[in-house]
Each structure stands twice: as C-alpha cells, then as structure tokens.
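# Tertiary structure, described
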Amino acid sequence: MKQAIYKTHGKADAVVELVELARPVLEAGQTRVKILCAPINPSDIAQAEGVYGFQPPLPAAAGMEGIGEVIEVNGEGPEVGTLVLLAEPPGSWSTEKVMNTAAVVPVPPADIDQLSMLSVNPATAYLLLTKYVALNEGYWLIQSAGNSAVAGLVASLAKARGAKVAALVRRDSAVADAQDAGADAVFVDGPDLAERVAAELEVAPRLALDAVGGSSLGRLASTLQAGGTAVMYGNMSGEDAQLPDSAVIFNDVIVRGFWLVHWFNTATAEEQAQVYGELTAMILQGTLKASVDRIFPLEEINAALAYTMKGGRSGKVLIAPNGL
C-alpha cells in the first residue's frame, strides 16, 4: 500500500512524502477499506506544519477524512463493497486503511466527491449555524473567507432556514466566487467594513463566523447587533485575534471558539448520528454541495499541496488514492 506521511514538521508540500508500506494483517474486529477520495483541508496542512491543536507522534500518516469502500472484514461487520466514512483519522491520503470495525460508519451510495468531504466541513458548517444562535427567517449572518468551502456550505444551510448571508472576502477577484457560493451580499474586507455593512443590510447581523483571525474577527464583531455572537473557527492569517473594546463593552458582543475535535469528543453517538444523517440526506437530495476545484492522484500529493496552499482556488482540492 502507498501512504502519505510526514517525519518532521514544516511547510506541508515539502515535508509530506509518499511511501510504500507492507499491508498490515487484518486482526479480529478490523475492516480493510480501499480509499476512493479524500480532501485536503486547512487542518491537514496545519497538522503537517505543527500548528494544529493536537499532533500525532512522528512519523505521522497524513489526511484527516475521506470516503472508502470495504474490501475485507475480519469477523462481523459491513459487507464488502459498502461505502464508509474514514472516521478514524488520520491516514486518508493512502491507498488503503485498516479501521476498527466498531468505528466504521456506512453511508448510502451517493456522489463520491461530496461524501469524501462529509466528516469535517459540512459538520463544521452545520454546528456553526445551530450551536450558538437561533437563526430564524430574516436574520443575517456575516462570515469571513466568504469564498471558502465552509462558507459555501454555511450559505446553503442558512438559506434552508430562511436566514440571509453576508460574505467577507479579501480581494476583489473573490467576490464572484462568494456570490456563486450563495452569499446575499459580499464585502471586500477593509477598515470601514462596519459602516458599509450597516449601510447595505436592512438589519445588523446576529452571528459572525471567522476563519481568518487577526484583525478580521474584530471587524466582523463590529458589524453585529447588540448581544450578537462572533465565533472564531479558524486562523488563516496566522495572527492572534484582535477585538475592539467597543464591541465587547458597548455592544455586548459574545465571542466563542469552535473546534470540531471538541464536538467529536463531547457529543454522544446519537448526536453525531443525527448531524451526519441530516447532512447525508442533503447530499443525496443534491441540496448540499461543495465546489471542487481539482482532483490529483495520490502520486502527485506534493503538487496537490502546493496548489492548495497558493490560494486563489474556486473549490476544494481532492486526492484520488486509487486513480482518477
């Protein structure tokens, strides 16, 4: 089997390497899965660079999520040919993966590309929308990285609830992508963001979602209505979040942090099944779909990482470990 690993931390496209390994013997209670498709997420890159919230011991297998097909089971378990989520990260950037059968999550046949991205981004978008604020019909939310995969999913889920979405982007060339992703209003980031949002939207946003960090969080928080909530779930800028005193003292803005790993560690099996059941149903119906920019074979993992890290994409980059 082939697997992408990293033996040290550093720039992801430089430290990740493809190695050939002997296929592990399948023990009782284990399932072997052929990996069909796996995305490159910011968390994958952050982990290889040593700046993620947790670090596996080195050398470490790369890739946090994906979709696979059962090819062998030792003992009772899913039938050969069943599609399953790779619910035991990491190790999805590989031709095969051995999993504990108890952790295997079968999913119905659907769009393979979309299923490969189900575990992280759709769940993040769903929880960002439902965990902190009740977004009823007519309410606005505002989010940074408005042309990102998560932002597009947030827009789809928000619209299904009757809420409206304002997107914040960092360059003029990203405006069209944010509009295509479903944003009702798009703003290019800048120091006068609060004034422009107040002038264009009929009501101030109730929820702000920030994936950028640094000064972005403060500008988003300054657009909120009194008592609004700002949630930081990423740090693309690499800078510590900054928040103006006025937003906290005079506007009573609530600031929260979100990390999907915490939810996995605290949510019950029933809660997780409910979330992923809803999301899978939406994928099957075609109402939840993330944009895909390009698919690379596993043999080109370093080129795929470099392409992802340079930015300016119009969707997610995927890896096809067993051929395109």
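As the structure is a computational prediction, the values presented were derived from the model and not from experiment.

With 12 residues, helix α5 (residues 149-160) extends 17 Å between its outermost C-alpha atoms, agreeing within 8% with the 16 Å of an ideal straight helix rising 1.5 Å per residue. Extensive coverage of α5 is indicated by the burial of 9 of its 12 residues. Along α5, the residues that are buried comprise A149, V150, A151, G152, L153, V154, A155, L157 and A158. Against α4 (121-130), β9 (140-143), β10 (164-169), β12 (207-210), α11 (269-285) and β16 (316-320) lie the buried residues of α5. G162 sits one or two residues past α5 and shows a positive phi near 85 degrees.

Before going further, it helps to spend a moment on the side chain of K97. Within the secondary structure layout, K97 lies in strand β7 (residues 96-100). Here the side chain of K97 touches P90 through a polar contact of 2.7 Å, landing on its backbone oxygen.

Scanning the model with the defined rule gives 10 salt bridges in all. The closest approach of N and O atoms between K2 and E299, which form a salt bridge, is 3.3 Å. One end of the pair, K2, is in strand β1 (residues 2-6); the other, E299, is in the loop between β15 (292-297) and α12 (301-309), with 297 residues separating them in the sequence. Using a relative accessible area of 27% as the deciding quantity, one classes K2 as partly exposed. Taking the shortest distance from any N to any O, the salt bridge between K164 and E202 comes out at 3.1 Å. Here K164, found in strand β10, pairs with E202, found in the loop between α7 (193-200) and β12; they are 38 residues apart in sequence, far enough to count as distant. Residue classification places K164 among the partly exposed positions, given a relative accessible area of 32%. Among the ionic contacts, a cluster of salt bridges with common partners joins R23, R32, E72 and E96.

With that out of the way, let us pick up the nonpolar core. Soluble globular proteins: nonpolar side chains tend toward being buried together. By size, the foremost hydrophobic cluster in this structure holds 46 residues, and its most contacted members are L129, L141, L207, L209, F258 and L279. Going through the elements one at a time, β6 (83-85), α4, α5, β12, α10 (260-266) and α11 are the ones with two or more residues in this core. Residues V15, A38, F296 and V317 belong to the second largest nonpolar core, which totals 20 residues.

Moving on: a nonpolar patch on the surface. A surface patch of nonpolar side chains, amounting to about 480 Å² of accessible area, comprises L243, V248, I249, F250 and V255. When you line up the elements, L243 lands in the loop between β13 (229-232) and α9 (245-249).

This part is about the pairing of strand β5 (residues 67-74). Sheet topology note: the strand β3 (residues 30-39)/β5 ladder contains 7 bridges and is antiparallel. What sits directly across from Q30, in β5, is N74. In this structure, β5 lies alongside β6, joined through 3 bridges in antiparallel fashion. Each residue of the ladder has a partner; that of E69, found in β6, is L83.

This part covers the packing of α4 against α5. Interhelical geometry of α4 versus α5 gives an angle of 50 degrees and a closest axis separation of 9 Å. Viewed along their axes, α4 and α5 adopt a mutual orientation that is oblique. Two packed elements cross with a definite hand, and for α4 against α5 that hand is right-handed. Contacts between α4 and α5 involve N121, P122, T124, A125, Y126, L128 and L129 from the former and A149, V150, L153, V154, L157 and A158 from the latter. Classifying every residue of the contact of α4 with α5 gives 11 nonpolar, 2 polar and no charged.

What follows is about the packing of aromatic side chains. Within a pair of aromatic rings, the relevant descriptors are the distance that separates the centres and the angle that separates the planes. According to the stated counting rule, one finds 7 aromatic pairs in the structure shown. Consider the rings of Y52 and W259, whose centres lie 5.7 Å apart with planes at 75 degrees: the pair is edge-to-face. Of this pair, Y52 sits in the loop between α2 (42-48) and β4 (60-61) while W259 is found in the loop between β14 (254-257) and α10, placing the two residues 207 residues apart along the sequence. By relative accessible area, which is 25% here, W259 ends up partly exposed. Their ring planes at 45 degrees and their centres at 6.2 Å tell us that F54 and W259 sit as a pair that is tilted. In this pair, F54 sits in the loop between α2 and β4 while W259 sits in the loop between β14 and α10, placing the two residues 205 residues apart along the sequence. Pairwise contacts between aromatic rings join Y52, F54 and W259 into one cluster. The positively charged end of R206 is found above the aromatic ring belonging to Y139, 4.4 Å away from the centroid. Over the face of the ring belonging to Y307 we find R294, whose NZ or CZ atom lies 5.2 Å from the ring centre.

Calculation rules
Residues numbered from 1 in each chain as written. Predicted model: local features only at pLDDT ≥ 70, side-chain atom pairs only at ≥ 80, totals over all residues. Heavy atoms only, no water. Helix = DSSP H or I, 4+ residues; strand = E, 2+ residues; numbered from the N terminus. Expected span 1.5 Å × (residues − 1). Buried < 20%, exposed > 50% of the residue type's maximum accessible area, 1.4 Å probe, protein only. Contact = heavy atoms within 4.5 Å. Polar contact = N/O pair within 3.5 Å; in protein donor to acceptor, adjacent residues only side chain to side chain. Salt bridge = Lys/Arg side-chain N within 4 Å of Asp/Glu carboxyl O. Core = buried A, V, L, I, M, F, W, Y, C linked by side-chain atoms within 4.5 Å. Patch = residues over 30% accessible without salt bridge, like charges linked within 9 Å, V, L, I, M, F, W, Y side chains within 5 Å. Areas by Shrake-Rupley, 256 points an atom, 1.4 Å probe, with all protein chains shown as cover. Pairing = 2+ DSSP bridges. Axes fitted to C-alpha atoms, helices over the stretch in contact; angles between N-to-C directions. Parallel < 35°, antiparallel > 145°, perpendicular 65-115°, else oblique. Left-handed = near helix turned anticlockwise from the far one by under 90°. Nonpolar A, V, L, I, M, F, W, Y, C, P; charged D, E, K, R; others polar. Phe/Tyr/Trp six-rings, centres within 6.5 Å; stacked < 30°, edge-to-face > 60°. Lys NZ or Arg CZ within 6 Å of the ring centre and 35° of its normal.

Remember that the coordinates give geometry; whether it matters functionally is a separate question.
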